[in-house]
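# Structural overview
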Amino acid sequence: QVRLVESGGGLVQPGGSLRLSCAASGSFFTINAMGWYRQAPGKQRELVAVITSGGRTNYADSMKGRFTISRDNAKNTVYLQMNSLKPDDTGVYYCNADIRTTDTRLMRNYWGQGTQVTVSS
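The following refers to the structure shown. None of the values given here were measured: they were computed from a predicted structure.

Next up on the list: the sheet that holds strand β3 (residues 18–25). Judged by pairing direction, the sheet is antiparallel, and its four strands sit side by side in the order β1-β3-β8-β7 without closing on themselves. Every other strand in the sheet has two partners, leaving β1 (3–7) and β7 (67–72) as the edge strands with one partner each. Ignoring which end each strand starts from, the neighbouring axes of this sheet average 15 degrees apart. Bridge count for β3 against strand β8 (residues 77–82) is six bridges, and the pairing is antiparallel.

Looking along a regular strand, one sees side chains alternate from face to face of the sheet. Pairing geometry for β1 and β3, over five bridges, is antiparallel. Looking across to β3, one finds that V5 is bridged to A23.

Let us now look at the pattern of salt bridges. According to the stated counting rule, one finds four salt bridges in the structure shown. Across the salt bridge formed by R66 and D89, the nearest N and O atoms sit 2.8 Å from each other. Linking R66 in the loop between β6 (57–59) and β7 with D89 in the loop between β8 and β9 (91–101), this pair joins segments that are 23 residues apart in sequence. Within this structure, R38, E46, R66 and D89 form a network of salt bridges that share partners.

With that settled, the discussion passes to the environment of A40. Tracing the backbone through its elements, the reader meets A40 in the loop between β4 (28–39) and β5 (46–51). Through-space distance from the C-alpha of A40 to that of T90 is 6.2 Å; in sequence the pair is 50 residues apart. Setting aside residues no more than four positions away along its own chain, A40 makes contact with T90 and G91.

What follows concerns the packing of aromatic side chains. Taken as a whole and assessed by the stated rule, the structure comprises two aromatic pairs. Ring geometry for Y37 and W111: centres 5.0 Å apart, planes at 65 degrees, overall edge-to-face. One end of the pair, Y37, is in strand β4; the other, W111, is in strand β10 (residues 107–111), with 74 residues separating them in the sequence. Relative to W111, the ring of Y94 has its centre 6.4 Å away and its plane inclined at 85 degrees; by these criteria the two rings are edge-to-face.

Calculation notes
- Residues numbered from 1 in each chain as written.
- Predicted model: local features only at pLDDT ≥ 70, side-chain atom pairs only at ≥ 80, totals over all residues.
- Heavy atoms only, no water.
- Pairing = 2+ DSSP bridges.
- Helix = DSSP H or I, 4+ residues; strand = E, 2+ residues; numbered from the N terminus.
- Axes fitted to C-alpha atoms, helices over the stretch in contact; angles between N-to-C directions.
- Salt bridge = Lys/Arg side-chain N within 4 Å of Asp/Glu carboxyl O.
- Contact = heavy atoms within 4.5 Å.
- Phe/Tyr/Trp six-rings, centres within 6.5 Å; stacked < 30°, edge-to-face > 60°.

Next comes the structure, spelled out in structure tokens:
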């Protein structure tokens, strides 16, 4: 059973920073792209950033320059460093990954359970 478990969310004041982590566990061969999505209240889930296994990154325009995605392949973990946070960044942040599992040998897409980020004074 493959799982993605996020951590690091919480309440932060505008202008503050948070670092999210997401670790993959279970039985798998490889992890390809890993990414972060967020869902604000009353809105659809949207892409925040994605990183390939080779380290290539892509960001949503509104996050460029403020957020940094990185990964540690040895730890099967992806991170999201969020700086200069704004109230509009409030939402549930979800980890996402393409993982080839050992049971099916197929590449499948997985989601974490989400972690709440609230930016408020």
